[in-house]
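Here is how the chains run, residue by residue.
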2 protein chains.
Amino acid sequence: MQISSRFTIALHIFSCIDVCKKDYKITSDFLAGSINTNPVIIRKILQQLKNAGLIIVKRGTGGAEIAKPLDEISFYDVYKAVESLEDDTLFHFHENPNILCPVGKNIHFLLDKKLQNIQKAMEDEMKKYTIADLSKESKTFLS
Amino acid sequence: MQISSRFTIALHIFSCIDVCKKDYKITSDFLAGSINTNPVIIRKILQQLKNAGLIIVKRGTGGAEIAKPLDEISFYDVYKAVESLEDDTLFHFHENPNILCPVGKNIHFLLDKKLQNIQKAMEDEMKKYTIADLSKESKTFLS
DNA sequence: TCAGTTGTAACCATAATGGTTACAATAAAA
DNA sequence: TTTTATTGTAACCATTATGGTTACAACTGA
């Protein structure tokens, strides 16, 4: 199963706010226009980013802004905010291996550390990239 | 979204065959007993592993065996066999960013390489572990 | 022929995703 | 104060994936 598009949408949102904030008020409608989806989808993701302390959303008057310095928001932070995993584990382990079988009894012992390492490798790579990188590259590309 | 339990079930299957093949005929019923699920689930996964050239399944007479030396079957091979991803991409990119928006036009350019690196970090870690590792560790644990 | 097994179709329930409509709550501007 | 724009959220919906189950034809060796 793929990681949901909420992640790339969230990164798109940050990029949009960063690039467009001088010229436009960043509403869910505005973002939905750039991302090409429904404003309610955007609002739900904005809520997740707000709950993670990454975004400030103003009710009534409207408009979203980024809550922290761009280099303090990593892809990992965004991923964690929008993609909630059962027990924080990337791998869904089959529920009840038969403990009467020597393999079933020990399969968790055999696999858990390795699965953790695999998940950690992915998350560590995610921590290498920040919204500041997107901002910088976006600017060099647009100039 | 988590990676499906087919992956840990498949690893469990390899371990089971390796440990139990001297004492038992490895049928889908036998495996289902150790994994604690339905034999049809096992047969479907065995088909995926067979299609990937990792397992030999005998029809009629029954029984599964491992098709290659254990150190030539990595976690990555198993993952690829049972977890099919759209376009082989771990991340589901939102479909149609608005190319009239400068951000929407460039978001793929900004993200694709980074997303690839993240996916690659996970897959490279998966390549570090083989069924042979499970076999070795299983034996030291059982002795 | 018989018994045991695989391969596969046809279902089912549940959950997640992405989308949509609707509307109350809010806050600023007129 | 009223109006306007916007958010927050509930309530749906269609589609898909997962994990499970029953059923049965096809196969193979005894």
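The coordinates are above.
Residues numbered from 1 in each chain as written. Chains lettered and ligands numbered in written order. Predicted model: local features only at pLDDT ≥ 70, side-chain atom pairs only at ≥ 80, totals over all residues. Heavy atoms only, no water.

Trainee: Which residues make up the protein's contact with DNA strand C, and what values do they have?
Mentor: Within the structure, DNA strand C sits among 29 residues, and Thr37(A), Ser28(B), Arg43(B), Gln47(B) and Gly60(B) are positioned closest to it. Of what DNA strand C places within 4 Å of the protein, 64% of the atoms are sugar or phosphate. In this structure, a phosphate oxygen belonging to DNA strand C sits 2.8 Å away from a side-chain N or O atom of Ser5(A). For DNA strand C, a base oxygen lies 2.7 Å from a polar atom in the side chain of Arg43(B). At the level of elements, helix H3 (39-51) of chain A together with helix H3 (39-51) of chain B are the ones that each hand at least two residues to the surface near DNA strand C. Among the elements that take part in the surface near DNA strand C, H3(B) stands out by supplying five residues, more than any other. Along the lines of polarity and charge, the residues of the surface near DNA strand C split into five nonpolar, 14 polar and 10 charged. (Near = heavy atom within 4 Å. Polar contact = N/O pair within 3.5 Å; in protein donor to acceptor, adjacent residues only side chain to side chain. Helix = DSSP H or I, 4+ residues; strand = E, 2+ residues; numbered from the N terminus. Nonpolar A, V, L, I, M, F, W, Y, C, P; charged D, E, K, R; others polar.)

Trainee: So what about the interface of chain B and chain A? Which residues, and what values?
Mentor: With 55 residues of chain B at the interface, the matching set in chain A holds 55 residues. Considering only the side of chain B, the residues that lose the most area to chain A are Met1(B), Gln2(B) and Lys114(B), jointly responsible for 14% of the buried surface there. Applying the counting rule to chain B against chain A returns two salt bridges. The salt bridge partner of Lys114(A) is Glu137(B), with a shortest N-O separation of 2.7 Å. Taken together, the connections running from chain B to chain A amount to 22 residue pairs in polar contact (both at pLDDT 80 or more). For the side of chain B that touches chain A, the secondary structure elements donating two or more residues are helix H1 (6-20), helix H2 (28-35), helix H5 (102-127) and helix H6 (131-142) of chain B. Counting residues per element, the side of chain B that touches chain A draws most heavily on H5(B), at 16 residues. Grouping the constituent residues of the side of chain B that touches chain A by class yields 31 nonpolar, 18 polar and six charged. (Contact = heavy atoms within 4.5 Å. Buried area = accessible area lost by both parts, 1.4 Å probe. Salt bridge = Lys/Arg side-chain N within 4 Å of Asp/Glu carboxyl O.)

Trainee: Account for the protein's contact with DNA strand D, naming residues and giving values.
Mentor: Close contacts around DNA strand D come from 30 residues, with Ser28(A), Arg43(A), Gln47(A), Ser5(B) and Thr37(B) the closest. Close to the protein, within 4 Å, the atoms of DNA strand D belong to sugar or phosphate groups at a rate of 64%. With respect to DNA strand D, the side chain of Thr37(B) contributes an N or O atom lying 2.7 Å from a phosphate oxygen. Going through the elements one at a time, H3 of chain A together with H3 of chain B are the ones with two or more residues in the surface near DNA strand D. Element by element, the count of residues in the surface near DNA strand D is highest for H3(A), at five residues. Its residues placed into classes, the surface near DNA strand D shows five nonpolar, 14 polar and 11 charged.

Trainee: Give me the lowdown on the nonpolar core, citing residues and values where you can.
Mentor: A general feature of soluble globular proteins is that nonpolar side chains tend to end up buried together. In terms of nonpolar packing, the biggest core is built from 94 residues, with Phe7(A), Leu49(A), Val78(A), Phe7(B), Leu49(B) and Val78(B) touching the most fellow members. Not counting residues up to four positions away in its chain, the partners in contact with Val78(A) are Phe7(A), Ala10(A), Leu11(A), Phe14(A), Leu49(A), Leu54(A), Ile73(A) and Ile131(A). (Core = buried A, V, L, I, M, F, W, Y, C linked by side-chain atoms within 4.5 Å. Buried < 20%, exposed > 50% of the residue type's maximum accessible area, 1.4 Å probe, protein only.)

Trainee: So, the relation of the copies chain B and chain A: which residues are in play, and what are the values?
Mentor: Turning chain B through 180° and shifting it by 0.0 Å along the axis lays it on chain A, with an RMSD of 0.0 Å. Put plainly, the chains are arranged around a two-fold axis. Residues of chain B ranked by C-alpha distance from the rotation axis are headed by Met122(B), positioned 2.4 Å from it. The share of interface residues of chain B whose copies in chain A are also at the interface is 100%, consistent with both copies meeting through the same surface. (Least-squares fit on C-alpha atoms with pLDDT ≥ 70 in both.)

Trainee: Provide a residue-level description of the packing of aromatic side chains, including the pertinent values.
Mentor: Applying the stated criterion across every chain yields a total of 10 aromatic pairs over all chains. Note on Phe7(A) and Tyr79(A): the rings are 5.9 Å apart at their centroids and 85° apart in plane angle, and the pair reads as edge-to-face. Placement of Phe7(A) in helix H1 (residues 6-20) and of Tyr79(A) in helix H4 (residues 75-82) is noted, with a sequence separation of 72 residues between them. With respect to burial, Phe7(A) and Tyr79(A) carry one shared label: buried. Considering the side-chain rings of Phe7(A) and Phe91(B), the 5.4 Å spacing of their centres and the 35° angle between planes classify their relative orientation as tilted. Of the two residues, Phe7(A) sits in helix H1 while Phe91(B) sits in the loop between helix H4 (75-82) and H5, which places them in two different chains. A relative accessible area of 6% means that Phe91(B) is categorised as buried. Through successive ring pairs, a cluster of aromatic residues spans Phe7(A), Phe75(A), Tyr79(A), Tyr129(A) and Phe91(B). (Phe/Tyr/Trp six-rings, centres within 6.5 Å; stacked < 30°, edge-to-face > 60°.)

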